[in-house]
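Residues per chain are reported as follows:
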Amino acid sequence: METQDTKSNTPEPVKPYQDITNPDQTGRVLGGVVIIIIGSLLLARSVGADLPAWLFTWPMIPIAIGLFVGAKHRFRHPGWLIPIAVGAVFLTINMMSEEIDASQFFWPVIIIVIGLVMILKPRGRRGPGRRPGPPPRAPRPPPPAPPRPPPSGGALAPGTAAAP
């Protein structure tokens, strides 16, 4: 499957797939995946699959948005944590109102948070308590200027006399 380049008469290969490494394509592909997952969950609920009730409450919307934004930006910036935290707080309030004993979730949640901090902690920054790295290098001095050629055209350098 090749097309002919009319300018240089060389065949130009045709890509049979989309390049999803392009940031514009990543958002489209990720958005499509999210829509497919949502549709699959709704279909599973319609056919009677045993899914938790909290999965279809409104606090899951900001959590899903936070996950989408984080995945789109490869979880590099912490802004995606804000909608997830808001959704998690309201989801926890909803679960508490249903009289679920939240104490059974305390230690597992603490362990998960510690793991997330370990994964998402920025690397390479120096701060209190971190082992210092090598000192920064001093800038190199500029190279010496090349020697000037002697003047030409019969002119003598100042302070020299002409030979008799």
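What counts, and where the lines are drawn
Residues numbered from 1 in each chain as written. Predicted model: local features only at pLDDT ≥ 70, side-chain atom pairs only at ≥ 80, totals over all residues. Heavy atoms only, no water. Helix = DSSP H or I, 4+ residues; strand = E, 2+ residues; numbered from the N terminus. Buried < 20%, exposed > 50% of the residue type's maximum accessible area, 1.4 Å probe, protein only. 1 Å grid on protein atoms, 1.4 Å probe; cavity = no way out; pocket = protein on both sides within 12 Å on 5 of 7 lines; lining within 4 Å. Points joined across faces, edges and corners; volume = space filled by probe spheres on them. Nonpolar A, V, L, I, M, F, W, Y, C, P; charged D, E, K, R; others polar. Patch = residues over 30% accessible without salt bridge, like charges linked within 9 Å, V, L, I, M, F, W, Y side chains within 5 Å. Areas by Shrake-Rupley, 256 points an atom, 1.4 Å probe, with all protein chains shown as cover. Salt bridge = Lys/Arg side-chain N within 4 Å of Asp/Glu carboxyl O.

Here we come to unusual backbone geometry. A positive phi angle is found at arginine 74, which is not glycine, with a value near 55°. With respect to the helices and strands, the residue arginine 74 is situated in the loop between helix H2 (60-72) and helix H3 (81-97). Owing to a relative accessible area of 51%, arginine 74 belongs among the exposed residues under this scheme. Positive phi values are uncommon outside glycine, yet phenylalanine 75 reaches one of about 55°. Residue classification places phenylalanine 75 among the partly exposed positions, given a relative accessible area of 36%.

Looking at the second largest pocket, its volume works out to about 470 Å³. Lining the second largest pocket are 18 residues; nearest its centre among them are Val34, Ile38, Leu41, Met60 and Ala64. Mapped by element, the contributors of at least two residues to the lining of the second largest pocket are helix H1 (23-46) and H2. If you tally residues by element for the lining of the second largest pocket, the top one is H2, at eight residues. Of the residues assigned to the lining of the second largest pocket, the class counts are 17 nonpolar, one polar and no charged.

Taken together, Trp58, Ile61, Ile65, Val69, Ile82, Val86, Val89, Phe90 and Ile93 make up a surface patch of nonpolar side chains, about 830 Å² in accessible area. The biggest single contributor to the nonpolar patch is H3, with five residues. Mapped onto the fold, valine 89 is located in helix H3.

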